[in-house]
Amino acid sequence: MSTAIGPYIIDNPVILAPMAGVTDRPFRQLCRKLGAGLVVSEMVTSDTRLWNSRKSRLRLDHGGETAPISVQIAGGDPEMMAEAARENVRRGAQIIDINMGCPAKKVCKKAAGSALLRDEKLVADILEAVVQSVSVPVTLKIRTGWCPDSRNGVTVAKMAEDSGIAALAVHGRTRACGYHGRAEFDTIAEIVSRVKIPVFANGDITSAERTQEVLDYTGASAVMIGRAAQGRPWIFREIAHYLATGERLPGPTLDEVRNILLAHLGELHRFYGEVMGVRIARKHVGWYLKTLADSESFRKTFFQIESAEVQHASVHEWFERRITRGAQAA
Ligand SMILES: Cc1cc2nc3c(=O)[nH]c(=O)nc-3n(C[C@H](O)[C@H](O)[C@H](O)COP(=O)(O)O)c2cc1C
């Protein structure tokens, strides 16, 4: 099963969802290596005047990434969004993704992200301005609507198709739902039946079996996975294997988890530098440890460490001790 975004063929229909503060370049590269068909950057603001901050500069860095490089932009002004799209393409973006799916307050205060879904005219203006501004494919990420009483996902999806959007990701919750309740896939199935562009189903997908169920139920071209990939980047190859063969791939051995984690740690330290890298590594290591039994006290110890070298050595040593005892990851 493969799907296309403009000229790009996505072989494994399992995509890493954009997550601010998580899907940085090291994590995207790791997920790609472990089977993600496509990865999407953390959102960057459409206000190019803010791009000089260290945070934005790191978000705009795509050096060494595997094609296609998909960059998400967030904002509420059509002209600024168009300019941000053009500038990102100049810096190497091969797909521009528009964020209308994120409820983050900082974005929504400026009427951006999922807050835009309330204003369909503005949605149309933004889609048109961005699609017209670049020659690369433009994708869109939405929720199913503004709130449960105003589930306008189908209308927005049709507007997206008419504007020339190349693919649409839909998170099965409304903006008002935040992350509460379970994601619903009825609206996504309806969207799939009403548009011809590829639709990616998103929300609470945590396993290969669930991926197959969601693909069967919605008819979506692919799924998008966010939180379930945190500390479990191998989920992409597990799902790819299951979709291709119907069989479950055994989880990684502890030895492999250690190797993946140590390589990830090294990339974080290199990418962010020691001070920031050590801090950012804590949350990633915390997620990996959640998949492993009896890791709580080590997690606390690890969070106190202030140096890259000691972080590396302590992870190495913790795994060594366990590997000799023969445990396995979840
Ligand atoms: C920490 C975090 C950051 C997120 N940042 C973004 C973002 O920058 N842009 C976006 O469109 N969605 C963002 N999302 C939403 C995810 O892309 C995804 O739609 C949501 O988490 C549901 O998928 P999941 O259940 O697989 O996690 C974020 C989610 C999380 C948990």
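Residues numbered from 1 in each chain as written. Predicted model: local features only at pLDDT ≥ 70, side-chain atom pairs only at ≥ 80, totals over all residues. Heavy atoms only, no water.

**So, helix α3 (residues 78–90)**
In step 1: Compared with an ideal rise of 1.5 Å per residue, which puts 13 residues at 18 Å, α3 spans 18 Å between its outermost C-alpha atoms and is within 8% of the ideal.
In step 2: When α3 is considered as a whole, its buried residues turn out to be P78, M81, A82, A84, A85, E87 and N88.
In step 3: Elements in contact with the buried residues of α3: β5 (44–45), β6 (70–74), β7 (95–100) and α5 (120–133).
In step 4: Where α3 begins, the side chain of D77 points an oxygen toward the backbone nitrogen of E79, at a separation of 3.2 Å. (Helix = DSSP H or I, 4+ residues; strand = E, 2+ residues; numbered from the N terminus. Expected span 1.5 Å × (residues − 1). Buried < 20%, exposed > 50% of the residue type's maximum accessible area, 1.4 Å probe, protein only. Contact = heavy atoms within 4.5 Å. Polar contact = N/O pair within 3.5 Å; in protein donor to acceptor, adjacent residues only side chain to side chain.)

**Brief notes about the pairing of β7**
In step 1: Taking burial as the measure, the six residues of β7 include six buried ones, the bulk of the element.
In step 2: Residues I95, D97 and N99 of β7 are buried on one face, and the alternating residues I96, I98 and M100, pointing to the opposite face, are buried as well.
In step 3: In the sheet, β6 pairs with β7 via four bridges, with the strands oriented parallel. Looking at the pairing, S70 lines up with I95 of β7. (Pairing = 2+ DSSP bridges.)

**A closer look at the site of the ligand**
In step 1: Close contacts around the ligand come from 17 residues, with P18, Q72, N202, D204 and R227 the closest.
In step 2: Interatomic distance of 2.8 Å between a backbone N/O atom of G226 and an oxygen atom of the ligand.
In step 3: A total of 610 Å² of accessible area belongs to the ligand in isolation, and the protein chains cover 89% of it. (Near = heavy atom within 4 Å. Areas by Shrake-Rupley, 256 points an atom, 1.4 Å probe, with all protein chains shown as cover.)

Remember, this is a structural readout, not a statement about activity or role.
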